Amino acid sequence: MAPQSRPAKPRVIVTRRLPPNVEARMAQLFDASFNVGDAPMSRAELARAMSRCDVLVPTITDQIDAALIDGASDRLQLIASFGSGVDHVDLAAARRKGIIVTNTPGVLTEDTADMTMALILSVPRRLAEGEKLVRAGEWRGWSPSVMLGHRIGGKRLGIIGMGRIGRAVARRARAFGLSIAYHNRNRLPFEVEQELEAQWHGDVDGLLGESDILSIHCPLNADSRALIDERRIGLMRPDAYLINTSRAEITDERALVAALEEGRLAGAGLDVYTHEPAVDPRLLALPNVVLLPHMGSATFEGRDATGARVIANIRTWVDGHRPPNQVLEGWV
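Residues numbered from 1 in each chain as written. Predicted model: local features only at pLDDT ≥ 70, side-chain atom pairs only at ≥ 80, totals over all residues. Heavy atoms only, no water.

Per an unreviewed UniProt entry, the protein goes by 2-hydroxyacid dehydrogenase and derives from Sphingobium olei. A UniProt comment under Sequence similarities (unreviewed entry) is attached to the protein, and it reads "Belongs to the D-isomer specific 2-hydroxyacid dehydrogenase family." (UniProt positions renumbered as here; feature names shortened; annotations may be inferred.)

Engineer: Provide a residue-level description of the overall build of the protein, including the pertinent values.
Structural biologist: Across its full length, the protein holds 13 helices and 12 strands. Here the C-alpha atoms of the protein give a radius of gyration of 22 Å, agreeing with the 20 Å that 2.2 N^0.38 yields for 332 residues. Each principal axis of the C-alpha atoms in the protein carries an extent, and together these give about 70 × 50 × 30 Å. By residue count, 48% of the 332 residues in the protein fall in the buried class. Summarising the internal contacts of the protein: among those between residues at least 6 apart in sequence, 62% fall at separations of at least 24. Accessible surface for the protein amounts to roughly 16000 Å². Of this, 52% is attributable to carbon and sulfur atoms. (Helix = DSSP H or I, 4+ residues; strand = E, 2+ residues; numbered from the N terminus. Rg over C-alpha atoms; globule rule 2.2 N^0.38 Å. Buried < 20%, exposed > 50% of the residue type's maximum accessible area, 1.4 Å probe, protein only. Contact = heavy atoms within 4.5 Å. Areas by Shrake-Rupley, 256 points an atom, 1.4 Å probe, with all protein chains shown as cover.)

Engineer: Before we move on, could you go through the nonpolar core and cite the residues and values that matter?
Structural biologist: A general feature of soluble globular proteins is that nonpolar side chains tend to end up buried together. If you look at the biggest cluster of nonpolar residues, it comprises 28 residues, and the most contacted ones within it are Ile-160 and Ile-228. Looking at this core, the elements with two or more residues in it are helix 9 (204-210), strand 9 (213-216), helix 11 (253-261) and strand 11 (267-270). Among the elements that take part in this core, helix 11 stands out by supplying 5 residues, more than any other. Those residues within four positions of Ile-160 in sequence are excluded, and the remaining contacts are His-183, Val-204, Leu-207, Leu-208, Leu-214, Ser-215, Ile-216, His-217, Cys-218, Leu-227 and Ile-228. Membership of the second largest hydrophobic core comes to 25 residues, among which are Ala-168, Val-169, Ala-173 and Val-290. (Core = buried A, V, L, I, M, F, W, Y, C linked by side-chain atoms within 4.5 Å.)

Engineer: Which residues make up the side chain of His-183, and what values go with them?
Structural biologist: Of note, His-183 is situated in strand 7 (residues 179-183). A polar atom in the side chain of His-183 sits 2.9 Å from the backbone oxygen of His-201. When residues no more than four places from it in sequence are discounted, the contact partners of His-183 are Ile-159, Ile-160, Gly-161, Met-162, His-201, Gly-202, Asp-203, Val-204 and Leu-207. (Polar contact = N/O pair within 3.5 Å; in protein donor to acceptor, adjacent residues only side chain to side chain.)

Engineer: Can you lay out the sheet that holds strand 3 (residues 55-57) for me, pointing to particular residues and giving the numbers?
Structural biologist: Taking strand neighbours across the sheet as the criterion, the 5 strands line up as 2-1-3-4-5 in an open arrangement whose pairing is parallel. Taken across any chain shown, the strands that pair with only one partner, and hence form the sheet edges, are strand 2 (31-33) and strand 5 (100-102). Direction aside, the axes of adjacent strands within the sheet are offset by 15 degrees on average. Relative to strand 4 (residues 78-80), helix 13 (residues 300-318) is tilted by about 160 degrees, and along the sheet it contacts strand 1 (11-14), strand 3, strand 4 and strand 5. (Pairing = 2+ DSSP bridges. Axes fitted to C-alpha atoms, helices over the stretch in contact; angles between N-to-C directions.)

Engineer: Give a description of the side chain of Thr-306 that names residues and reports values.
Structural biologist: You can see Thr-306 is positioned in helix 13. In contact with Thr-306, other than residues within four places in its own chain, are Phe-82, Gly-83, Thr-104, Val-107 and Leu-108.

Engineer: Outline the UniProt feature "domain: D-isomer specific 2-hydroxyacid dehydrogenase catalytic" (unreviewed entry) in the protein, supporting the account with residue identities and numerical values.
Structural biologist: Those residues carrying the UniProt feature "domain: D-isomer specific 2-hydroxyacid dehydrogenase catalytic" (unreviewed entry) are residues 23-327 in this numbering. Secondary structure across residues 23-327 comprises 38% helix and 13% strand; the distance between its end C-alpha atoms is 23 Å.

Engineer: Explain the pattern of salt bridges to me, using residue names and the numbers behind them.
Structural biologist: A full pass over the atoms with the stated rule returns 21 salt bridges. Here Arg-171 ties to Glu-110 by a salt bridge, and the two come within 3.7 Å at their closest N and O atoms. Of this pair, Arg-171 sits in helix 7 (residues 164-175) while Glu-110 sits in helix 5 (residues 109-125), placing them 61 residues apart in sequence. A residue is classified by how much of its surface remains accessible, and Arg-171, at 41% relative accessible area, is partly exposed. For the salt bridge of Asp-239 with Arg-237, the shortest nitrogen-to-oxygen distance reads 3.2 Å. Look at Arg-237 and you get partly exposed, because its relative accessible area is 26%. Connected via shared salt-bridge partners are Glu-110, Asp-114, Arg-171 and Arg-172. (Salt bridge = Lys/Arg side-chain N within 4 Å of Asp/Glu carboxyl O.)

Engineer: Quick one: what's the story with helix 1 (residues 20-29), residue by residue and with numbers?
Structural biologist: By the burial criterion, the buried members of helix 1 are Val-22, Glu-23, Met-26 and Leu-29. In an axial view of helix 1, the angular spread of the buried residues amounts to 130 degrees, which keeps them on one side of the axis. Set apart from the buried face of helix 1 by more than 90 degrees, the exposed residues are Pro-20 and Gln-28. Check the buried side of helix 1 and you find it contacts strand 1, strand 2, strand 3 and helix 13. (Arc of directions from axis to C-beta.)

Engineer: If you had to explain the packing of helix 5 against helix 7 to someone new, which residues and values would you point to?
Structural biologist: When two helices pack together, their arrangement is given by the angle between their axes and by how far apart the axes lie. Between helix 5 and helix 7, the least distance of the axes is 9 Å, while the angle of their chain directions is 50 degrees. Taken together, the axes of helix 5 and helix 7 are oblique relative to one another. For the element pair helix 5 and helix 7, the recorded crossing hand is right-handed. Between helix 5 and helix 7, the contacting residues are Thr-109, Glu-110, Thr-112, Ala-113, Asp-114, Thr-116, Met-117 and Ile-120 on the first element and Arg-164, Ile-165, Ala-168, Val-169, Arg-171, Arg-172 and Ala-173 on the second. Residues belonging to the contact of helix 5 with helix 7 are distributed by class as follows: 7 nonpolar, 3 polar and 5 charged. (Parallel < 35°, antiparallel > 145°, perpendicular 65-115°, else oblique. Left-handed = near helix turned anticlockwise from the far one by under 90°. Nonpolar A, V, L, I, M, F, W, Y, C, P; charged D, E, K, R; others polar.)

Engineer: Please provide a residue-by-residue account of the environment of Ser-81, values included.
Structural biologist: Note on placement: Ser-81 falls in the loop between strand 4 and helix 4 (91-97). Spatially, the C-alpha atom of Ser-81 lies 5.7 Å from that of Thr-59, the residues being 22 residues apart in sequence. Those residues in contact with Ser-81, other than ones at most four positions away along the chain, are Pro-58, His-88, Thr-102, Asn-103, Thr-104 and Val-310. At 2.9 Å, the side chain of Ser-81 and the side chain of His-88 are in polar contact.

Laid out in structure tokens, this is it:
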């Protein structure tokens, strides 16, 4: 497809409510339309938006598949996603259509790592269980045999995916006395391994068997979907914990629930779910699971920084340059 001219003030449609200052800045710079009600757009609403804008600003709740992209107006030239993940956009279809896709990498690294570390602390020490006990009025006072959990100092943290977030988690974990092992598609440079005191495992299976706590930080793609399946969950020790603040589809949720129910895993900390916002009722019933509402990146600072990155991508595109965060089809 031949390149089109880029309007000086493009028509921008934003699919979800963004921070007020981000929306105000967009309204100044672009011919912007916002989702005031903040309800996720239906497929028909997405199709309509993609038929009448130059730039679409979706989030991870919007599944921009090949059919939607193929049916989009030729006017649509940029999908400037609000967030670092792009598994919700069919990159191959966008490329065929000549639509540029951008994301916002790096701005949520520290926030997500903080939340991951909070889960790493919360699950073995049973913090959520303890909080519920107090709120329910069922606490009967201190006892040497009540609410016992496991210390994390001296334990081994296995990290799957040693990108920005994985490395940020490793730095935090070292401060709490955890040893670090990891699996990554490519081994980290020697200097980085030395800094993090991290041991590389070329084989996922070996990492699972040696980890007291497993934390998932790889992107969702064809290789990582259902990476932690029933067989691999079976390789984990019964006293191990699983933490997932990445994408739910990287684990087999049914197999995970079964292992937790049957005592083949000690517990889990989850911020993502296969059928969000629905959560498997069996997970809700398990006392040894900490459940969060996909809030790993939910900070005022992080949302503002994400919005600023989206605006920078759009402005750079308007100026006729390649956006700084353009995503290529082989990104993941």
